[in-house]
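Structural features, examined
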Amino acid sequence: MFDNILSGFSAILAVGPILGIIAGVVIGITFGAIPGISCIMAIAIMLPMTFYVDPIIGITMLLAVYKAGIYGGSISAILINTPGAAASFLTAQDGHALTKAGKAGKALDMSLFASVSGEMLATLVLILVAAPISAISLQAGPIEKVFLLLFAFTVIGSMAGESIPRGLLSCCLGMLFAMVGMDSITGSSRFTFGIDELIGGFTFTPMLIGILVMPEVINVIRRRKVPHHELAITRSPNPADNRISFGEYKKVFRTILKSSGIGTFIGALPGLGSSTAAFIAYGEGKRTSKNPEKYGKGSVEGIAAAESANNAVCGSSMIPMLTLSIPGDDVAALLMGAFLIHGLTPGPMIFFEHTETIYAIFAGFLITDLFLLGIARSGFKFFVKMASLKRYFIFPCVTVFAFTGAFTAGQNMNDILVLIAFTVVGYGMRIVGLNPAVFIIGFILTPFLEQNLDQAFAIVGDDYGRFFASPFSWVFIALSAFFVYSSMRMKRKASKVPAPAQQEPA
Amino acid sequence: MDRRKIDVVLSTFLIIVSVIILTNDNLAEGGAESDLGIMFLPRIVAGFIIIFSATIAIQSFLKLSRGAALEGQELITTDGFSGIFLYVGIFVGYWLAVPHLGFIVTTPLVMLGVAYLLGGRNWVPIIAMSVITPVLIYCGSREYLRVYLPTWSL
């Protein structure tokens, strides 16, 4: 493994990948910091631009956008109390309180150091754990893989949706859309209704941009009358208020380490995501803190807990995707699509078929943290200025990038129609409480399920009892039942807590 | 808008579609025989869609018939929906116009339209952005990605 890591570093330390990482970090922070744009939008828009470059450059660039975008979300959370994602909600509480006290620089510094620390730890875990897990999962045959995929569908559907039926329905709809077109095993065409354009199925990139990106644009269009908030860093005359000293970092290091561990663990479980990690780590940080009363009122330790856990999820969410082909959340699903487009099929075989590429990507993941630290630290003012651009400058450009991205996939105008149709579907799904990310995960995993199911049936023949002969099958059935049960319990508990305020659906 | 009513209508629609998938043999054509059968997985999924849709529909219907007050996300506020229709309209127009007028001619108009919709009235920078961005994208796509965006064909 050590040799592979070294060869990964030698592959990534070239002009192309480094420029890709720098571009990814700058784009990620900028997009992440703009209120209303999440890192998923940045990745989806950047995805078509990576089609024509080497996978090492393209994938590391997208991963840099991801990491930097998650960090960028904390900038708007701290400066204008607008968390770009639910995971930054807690950062906004403490960070904005510090901003109001004239200590924005301290909050931004803490957020950056905690983010980078959390990401680095999770990346190290990813590098050390992924290959051994993949070696174990290589033992799984088609029958075990069927149960594994069913486990993934159940867990993601039940944990990620607004309610269990809505989450699982989202997954089923994604599965159904994935079955449109010619079947790769039998050559039959399904649900094409005589329309030749449907034989190839729905093109992934326009569908992805339509389902995940465009509804966010529509949300901004819908709220266009809400006044624009300009980002600005408040400066204190006392220099100690504008930065984090080594002593202050040392004080919260234990919290960072613990929260990063929590984030890494939660991220490796499919379906839970960064918000859960941030909330659990924040709660744990508060429980064990010497000053729990400061949490929520401008606690540097609170920012450290939330941000390190939130960012640790970036690295560890790659573990199930790369070892078991299970994307744990929407960003992982998007990145899995990127891997597939670049000819890399995530799963245990990736470590044997594309050893150099995958370790170069890992090395890129680590190097991204250093660039993130350097670029973010030296360019706070620039990113704040970029993120303060009025939305009537940003969203016309996003519209055109979405159009170009959808067209680039197949150089076909029908893909634009797919983009428009799935934009409407994606927004409609948000309104009725269905989860678009789960839909995408169902869409991506269905071909794998169908292929393995077909092979499994060929193996067992008429002896259906062989489906349950392996202990793997029982383990995954038990895990699925456990996750559905615990999700039901969590949702029942949550429904007993009175809702804080009525929220808009999308 | 009451989301529970939408739940009932949408679930009914999904159940009807699922029943069609379960009962219609003409939804797949051609291809070789397999152990599984080409409609095996779609029918399993259709069965699950019926179960989950029915669960959602029954829950929403019971709440409606009890006259229960709207909770949390069950209330869909329709403020700003006109903007959504305009935006989708602009996008459909963009899709229809690009093959004939070309990317470079259509895109500035679309960008101006979206900027106007978002309240932009600062015309000089908006026009500059609307002209420069499409040209950069067009040249960048052609030179670096080898993607040829549509040109004027009238």
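Structural data are supplied above this passage.
Figured I'd write up the structure that's included with this text. Every value quoted in this text rests on a predicted model; they were computed, and no experiment measured them. (Residues numbered from 1 in each chain as written. Chains lettered and ligands numbered in written order. Predicted model: local features only at pLDDT ≥ 70, side-chain atom pairs only at ≥ 80, totals over all residues. Heavy atoms only, no water.)

1. A word on the overall build of chain B
- When its secondary structure is counted, chain B shows 5 helices and 1 strand.
- When the elements of chain B are put in sequence order from the N terminus, they spell out α-β-α-α-α-α.
- Relative to the compact-globule value of 15 Å for 154 residues, chain B shows a C-alpha radius of gyration of 24 Å, a clear excess of over 25%.
- Along the first, second and third principal axes, the C-alpha atoms of chain B reach 55 × 55 × 25 Å.
- Put simply, chain B shows about 8200 Å² of open surface, and 69% of that area lies on carbon and sulfur atoms.
- Where the 9 positive side-chain charges of chain B centre and where its 10 negative ones centre are 11 Å apart. (Helix = DSSP H or I, 4+ residues; strand = E, 2+ residues; numbered from the N terminus. Rg over C-alpha atoms; globule rule 2.2 N^0.38 Å. Areas by Shrake-Rupley, 256 points an atom, 1.4 Å probe, with all protein chains shown as cover. Lys, Arg positive; Asp, Glu negative; His and termini not counted. Charge placed at Lys NZ, Arg CZ, Asp CG, Glu CD.)

2. Some words on the overall build of chain A
- Along its length, chain A carries 21 helices and 2 strands.
- Scaling as 2.2 N^0.38, a compact globule of 506 residues should have a C-alpha radius of gyration of about 23 Å, and chain A matches this with 22 Å.
- Projected onto the principal axes, the alpha-carbon positions of chain A cover approximately 75 × 55 × 45 Å.
- Sorting the 506 residues of chain A into buried and exposed places 63% on the buried side.
- When contacts within chain A are restricted to residue pairs at least 6 apart in sequence, those whose partners lie at least 24 apart make up 79%.
- Separation of charge centres in chain A, based on 34 positive and 29 negative side chains, amounts to 16 Å. (Buried < 20%, exposed > 50% of the residue type's maximum accessible area, 1.4 Å probe, protein only. Contact = heavy atoms within 4.5 Å.)

3. Topic: the interface of chain A and chain B
- In this complex, chain A contributes 63 residues to the contact, which on the side of chain B involves 71 residues.
- Summing both partners gives a buried area of about 6100 Å² for chain A against chain B, and 75% of it is carried by carbon and sulfur.
- For the pair chain A and chain B, the interface holds 1 salt bridge.
- With its nearest N and O atoms 2.8 Å apart, the salt bridge here joins Arg166(A) to Asp7(B).
- Run the count over chain A and chain B and you get 11 residue pairs in polar contact (both at pLDDT 80 or more).
- Elements with a contribution of two residues or more to the side of chain A that touches chain B: α8 (164-178), β2 (189-190), α9 (204-222), α18 (391-410), α19 (414-431) and α20 (436-460) of chain A.
- Ranked by residue count, the leading element in the side of chain A that touches chain B is α18(A), at 13 residues.
- Its residues placed into classes, the side of chain A that touches chain B shows 40 nonpolar, 13 polar and 10 charged.
- Taken together, the 2 bridges between β2(A) and strand β1 (residues 28-29) of chain B define a ladder with antiparallel strand orientation. (Buried area = accessible area lost by both parts, 1.4 Å probe. Salt bridge = Lys/Arg side-chain N within 4 Å of Asp/Glu carboxyl O. Polar contact = N/O pair within 3.5 Å; in protein donor to acceptor, adjacent residues only side chain to side chain. Nonpolar A, V, L, I, M, F, W, Y, C, P; charged D, E, K, R; others polar. Pairing = 2+ DSSP bridges.)

4. Considering the nonpolar core
All names here are of chain A.
- Of all hydrophobic cores here, the largest spans 204 residues; its most connected members are Ile29, Met110 and Leu322.
- The dominant element in this core, judged by the number of residues it contributes, is helix α4 (residues 55-80), at 14 residues.
- Residues in contact with Met110, not counting those within four places in the same chain, are Ile244, Tyr249, Val252, Ile256, Val300, Ile303 and Ala304.
- Counting 5 residues, the second largest nonpolar core, distinct from the first, contains Leu90, Ala278, Tyr282 and Ala306. (Core = buried A, V, L, I, M, F, W, Y, C linked by side-chain atoms within 4.5 Å.)

5. Digging into the pattern of salt bridges
- Considering all chains together, one arrives at 11 salt bridges over all chains under this definition.
- A salt bridge links Arg43(B) to Asp25(B); the nearest nitrogen and oxygen atoms lie 3.0 Å apart. Here Arg43(B), found in helix α2 (residues 40-66), pairs with Asp25(B), found in the loop between α1 (3-23) and β1; they are 18 residues apart in sequence, far enough to count as distant.
- Overall, the relative accessible area of 60% leaves Asp25(B) in the exposed class.
- Within this structure, Lys258(A), Glu284(A) and Arg287(A) form a network of salt bridges that share partners.

6. With respect to empty space enclosed by the protein
- Summed over the entire model, instances satisfying the criterion amount to 5 cavities of 30 Å³ or more.
- Counted as a void, the largest cavity has a volume near 60 Å³.
- Forming the walls of the largest cavity are Arg166(A), Leu169(A), Val432(A), Leu434(A), Asp7(B), Leu10(B), Ser11(B), Leu14(B), Ser53(B) and Ile56(B).
- Looking at the lining of the largest cavity element by element, the count peaks at 4 residues for α1(B).
- Looking at the lining of the largest cavity residue by residue, the classes come out as 6 nonpolar, 2 polar and 2 charged. (1 Å grid on protein atoms, 1.4 Å probe; cavity = no way out; pocket = protein on both sides within 12 Å on 5 of 7 lines; lining within 4 Å. Points joined across faces, edges and corners; volume = space filled by probe spheres on them.)

7. Points about the packing of helix α3 (residues 81-101) of chain B against helix α4 (residues 103-117) of chain B
Residue and element names in this part refer to chain B.
- Relative orientation of the contacting elements α3 and α4 amounts to 170°, with a least axis distance of 9 Å. With respect to α4, the element α3 is oriented roughly antiparallel. Facing α3, whose interface residues are Gly83, Leu86, Tyr87, Ile90, Tyr94, Ala97, Val98 and Leu101, α4 presents Phe103, Val105, Thr106, Thr107, Val110, Gly113, Val114 and Leu117.
- Among the residues making up the contact of α3 with α4, the classes are represented as 12 nonpolar, 4 polar and no charged. (Axes fitted to C-alpha atoms, helices over the stretch in contact; angles between N-to-C directions. Parallel < 35°, antiparallel > 145°, perpendicular 65-115°, else oblique.)

8. Points about the layout of surface pockets
- Approximately 990 Å³ is the volume attributed to the second largest pocket.
- As for the second largest pocket, its lining consists of 32 residues, and the residues nearest its centre are Phe177(A), Val425(A), Leu10(B), Phe13(B) and Leu14(B).
- Among the elements of the structure, α8 and α19 of chain A together with α1 and α3 of chain B are those that each provide at least two residues to the lining of the second largest pocket.
- Per-element accounting of the lining of the second largest pocket gives the leading share, 8 residues, to α1(B).
- When grouped by side-chain class, the residues that make up the lining of the second largest pocket number 30 nonpolar, 2 polar and no charged.

9. A word on a nonpolar patch on the surface
All names here are of chain B.
- Nonpolar side chains collect at one region of the surface, where Ile104, Tyr116, Trp123, Ile127, Val131, Ile132, Val135 and Leu136 lie side by side and expose about 730 Å² of accessible area between them.
- Going through the elements one at a time, α4 and α5 (123-145) are the ones with two or more residues in the nonpolar patch.
- Top contributing element to the nonpolar patch by residue count: α5, with 6 residues.
- Assignment of secondary structure puts Ile104 in helix α4. (Patch = residues over 30% accessible without salt bridge, like charges linked within 9 Å, V, L, I, M, F, W, Y side chains within 5 Å.)

10. Remarks on the environment of His354(A)
Residues and elements named next belong to chain A.
- Of note, His354 is situated in the loop between α15 (350-353) and α16 (355-378).
- Accessibility expressed as a relative area gives 24% for His354, which makes it partly exposed.
- For the pair His354 and Val418, spaced 64 residues apart in the sequence, the C-alpha separation amounts to 32 Å.
- Apart from residues lying up to four places away in sequence, His354 is in contact with Gly343, Leu344 and Met349.

11. Section: the side chain of Arg224(A)
- Tracing the sequence through the fold places Arg224(A) in the loop between α9 and α10 (246-268).
- Buried and unpaired, Arg224(A) has no salt bridge, with Asp79(B) as the nearest side chain of opposite charge at 10 Å.
- In this structure Arg224(A) touches Arg391(A), Gly80(B), Ser82(B), Gly83(B), Leu117(B) and Leu118(B), once residues within four positions along its chain are discounted.

12. So, the state of the cysteines
- Following the criterion strictly, the structure yields 0 disulfides over all chains and no others.
- Free cysteine: Cys314(A), not disulfide-bonded; nearest cysteine sulfur from Cys39(A) at 7.2 Å. (Disulfide = S-S within 2.5 Å.)

13. Some words on the packing of helix α7 (residues 142-160) of chain A against α20(A)
All names here are of chain A.
- At a minimum axis separation of 8 Å, α7 and α20 run at an interaxial angle of 155°. Taken together, α7 and α20 sit at an angle that is classed as roughly antiparallel. Of the two elements, α7 crosses α20, and the hand of that crossing is left-handed. (Left-handed = near helix turned anticlockwise from the far one by under 90°.)

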